Amino acid sequence: MIGLFGKASDRLCQKLDKAALDGADVEMESLFSRLTLDVIGKAVFNYDFDSLSYDNGMVEAVYITLREAEMRSTAPIPTWKIPIWKDISPRQRKVNEALVLINNVLDELISTCKRMVDEEDLQFHEEYMNEQDPSILRFLLASGEDVSSKQLRDDLMTMLIAGHETSAAVLTWTFYLLSKCPKVMSKLQAEVDDVLGDGLPTIEDVKKLKYTTRVINESLRLYPQPPVLIRRSLEDDMLGEYPIGRGEDIFISIWNLHRCPKHWDDADVFSPERWPLDGPNPNETNQKYLPFGGGPRKCVGDMFATFENVVATAMLVKRFDFQMAPGAPPVEMTTGATIHTTKGLNMTVSRRTKPPVIPI
C-alpha cells in the first residue's frame, strides 16, 4: 500500500508542477479529495478512478451521498421517506442519481472481481494475497465470506465514502495549519529532505518520518475526523449523573475533548512537539485523544489513513512550498461527518529551491 500511496501522490505532484510553473493558485481541498478517491479505489477495488486527470462524476456523487447521510442523521422529520416528496424534491432526485451511479460502478467492480477469483486456481489461507490485485475486494471474495451482494456492496460503499473523505479532510487542515506555522513547515521539510530520496517512499522511509507523523497526529487533534461520534445505548444506564435510556443516541464531541484546556496545554495551538518523537502512538495510549474513535467500533482504517497522509504530506512538502493565496477568502469550516472548509483551501504553490551544495 505504501507504493500505491506514493504513486498517487506523485500524480498530484505532477499536476501541481504545472500550476507552479504557470503561477496559478490552486484549490487544494478538491485536489486532496481526488487524490484520496484514487487511493481508495486502487486499495479497495484495484480500480483506477484517475480522478486527478479527469472528472468521471464519482467525486461529486460521493459528496452528494455523504452530505445526504449527514442531513438524515440529524433531521427531525424523515422527508426522504414520504412517497410524493422523494419523487418531486430536486435534492432527492439528485441523491437518487448519485446512488445509482455509485451502485452501478460497485456492482460492476464486484462482478468483474468475482469472475477473476473464480478463474484463480488457489487455495485461500490467512496469508493469501494476489500479487497483481492485492485489493480488499479480492481478499474478501477469495475468502468465500458468506455475504450477499447487497451487503458486500453496502460495506464497500462505506469504505469508498468514509475512506476517502476523512483522509482528504486531514490533508486539507494539515496544509492549512502548516501555512500558518512556517517554523513547523521548515522542521518538517528538513526531516523529509533527510529521509526521502528521489524515488517513491518505502515502508522503511515511513518509519523514519517521525516528525511528519506527529504533524498528522497534531492536525487530527485540532481537526478530528469525525468531530462527533454517535453511539446508541444497548441498555438503560447512567452517564455520570445523567440517566440514559435504552436505544437513545449519544453524541460525543471529539472536537471539544481535543481542545479542552483541562486536558491540554495551549489547547488551541498547533504544536506537533507535544507528541514525543520516540513515544508511543498517541492513538493507542492517550485516552483523551480519539481521532479515529475508540472501543470496539474504532475505525478499522486508522493505520491505513495515517500512512496515506504521511506519504502524501512528505512527498508534497519535499517538492513544493505552500502559502495561502493572496486575496483568497478566509478559511472557514463546515462540520458534518467530517470538518471541511466552507469555500475551499486556495493556495499558492511554488517549487522549492534548495541552496547549492558547495564541496569542501
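Residues numbered from 1 in each chain as written. Predicted model: local features only at pLDDT ≥ 70, side-chain atom pairs only at ≥ 80, totals over all residues. Heavy atoms only, no water.

## Description of the packing of helix α1 (residues 2-22) against helix α13 (residues 302-319)
Step number 1: Two elements in contact, α1 and α13, have axes separated by 9 Å at closest approach and are oriented at 35°. Along this stretch, α1 crosses α13, giving a crossing that reads as right-handed. Across the interface between the two elements, Ile2, Phe5, Gly6, Ser9, Asp10, Leu12, Cys13, Gln14, Leu16 and Asp17 from α1 touch Phe304, Phe307, Glu308, Val311, Ala312, Met315, Leu316 and Arg319 from α13.
Step number 2: Looking at the contact of α1 with α13 residue by residue, the class counts come to 11 nonpolar, three polar and four charged. (Axes fitted to C-alpha atoms, helices over the stretch in contact; angles between N-to-C directions. Helix = DSSP H or I, 4+ residues; strand = E, 2+ residues; numbered from the N terminus. Left-handed = near helix turned anticlockwise from the far one by under 90°. Contact = heavy atoms within 4.5 Å. Nonpolar A, V, L, I, M, F, W, Y, C, P; charged D, E, K, R; others polar.)

## What about the packing of aromatic side chains?
Step number 1: According to the stated counting rule, one finds 10 aromatic pairs in the structure shown.
Step number 2: Centroid distance phenylalanine 175 to phenylalanine 322: 4.9 Å. Interplanar angle 75°. Geometry classified as edge-to-face. On the criterion of sequence distance, the pair formed by phenylalanine 175 in helix α7 (residues 149-180) and phenylalanine 322 in strand β6 (residues 320-324) is long-range, its members being 147 residues apart. The pair formed by phenylalanine 175 and phenylalanine 322 is uniform in burial state, with each residue classed as buried.
Step number 3: With centroids separated by 5.7 Å and ring planes inclined at 70°, the aromatic side chains of tryptophan 264 and tryptophan 275 adopt a geometry described as edge-to-face. Of this pair, tryptophan 264 sits in the loop between α11 (254-258) and α12 (282-285) while tryptophan 275 sits in the loop between α11 and α12, placing them 11 residues apart in sequence.
Step number 4: According to the relative accessible area criterion, tryptophan 264 is buried, its value standing at 6%.
Step number 5: Classification of tryptophan 275 by relative accessible area gives buried; the value is 8%.
Step number 6: Members of the aromatic cluster, joined through ring pairs, are Phe32, Phe175, Phe320 and Phe322.
Step number 7: Directly above the ring of tyrosine 223 sits arginine 259, whose terminal nitrogen or CZ lies 5.3 Å from the centroid. (Phe/Tyr/Trp six-rings, centres within 6.5 Å; stacked < 30°, edge-to-face > 60°. Buried < 20%, exposed > 50% of the residue type's maximum accessible area, 1.4 Å probe, protein only. Lys NZ or Arg CZ within 6 Å of the ring centre and 35° of its normal.)

## Things to note about the UniProt feature "binding site: heme" (unreviewed entry) in the protein
Step number 1: UniProt's entry tags Cys299 with the feature "binding site: heme" (unreviewed entry), counted in the numbering of this structure.
Step number 2: By the element assignment, cysteine 299 lies in the loop between α12 and α13. (UniProt positions renumbered as here; feature names shortened; annotations may be inferred.)

## Digging into the side chain of glutamine 92
Step number 1: If you trace the backbone, glutamine 92 turns up in helix α5 (residues 90-119).
Step number 2: Judged by its relative accessible area of 3%, glutamine 92 falls in the buried class.
Step number 3: Within the structure, glutamine 92 has its side chain in polar contact with the side chain of glutamate 68 (distance 3.0 Å).
Step number 4: With residues up to four places along the chain from it excluded, the contact list for glutamine 92 reads Glu68, Met71, Arg72, Trp80, Trp85 and Lys86. (Polar contact = N/O pair within 3.5 Å; in protein donor to acceptor, adjacent residues only side chain to side chain.)

## Some words on a nonpolar patch on the surface
Step number 1: A surface patch of nonpolar side chains, amounting to about 410 Å² of accessible area, comprises Ile82, Ile84, Trp85 and Ile88.
Step number 2: Topologically, isoleucine 82 is positioned in the loop between α3 (58-74) and α4 (83-88). (Patch = residues over 30% accessible without salt bridge, like charges linked within 9 Å, V, L, I, M, F, W, Y side chains within 5 Å. Areas by Shrake-Rupley, 256 points an atom, 1.4 Å probe, with all protein chains shown as cover. Salt bridge = Lys/Arg side-chain N within 4 Å of Asp/Glu carboxyl O.)

## A word on the pattern of salt bridges
Step number 1: The full count for this structure, using the stated rule, is 16 salt bridges.
Step number 2: A salt bridge links aspartate 17 to arginine 319; the nearest nitrogen and oxygen atoms lie 2.4 Å apart. Residue aspartate 17 is located in helix α1, and its partner arginine 319 is located in helix α13; the two are separated by 302 residues in the primary sequence.
Step number 3: Classification of arginine 319 by relative accessible area gives partly exposed; the value is 22%.
Step number 4: Lysine 298 is the partner of aspartate 302 in a salt bridge, and the nearest nitrogen-oxygen pair spans 3.1 Å.

## Regarding the environment of lysine 208
Step number 1: By secondary structure assignment, the location of lysine 208 is in helix α9 (residues 203-208).
Step number 2: Judged by relative accessible area, which is 51%, lysine 208 ranks as exposed.
Step number 3: Between the alpha carbons of lysine 208 and valine 195 there is a distance of 6.8 Å; along the sequence they are 13 residues apart.

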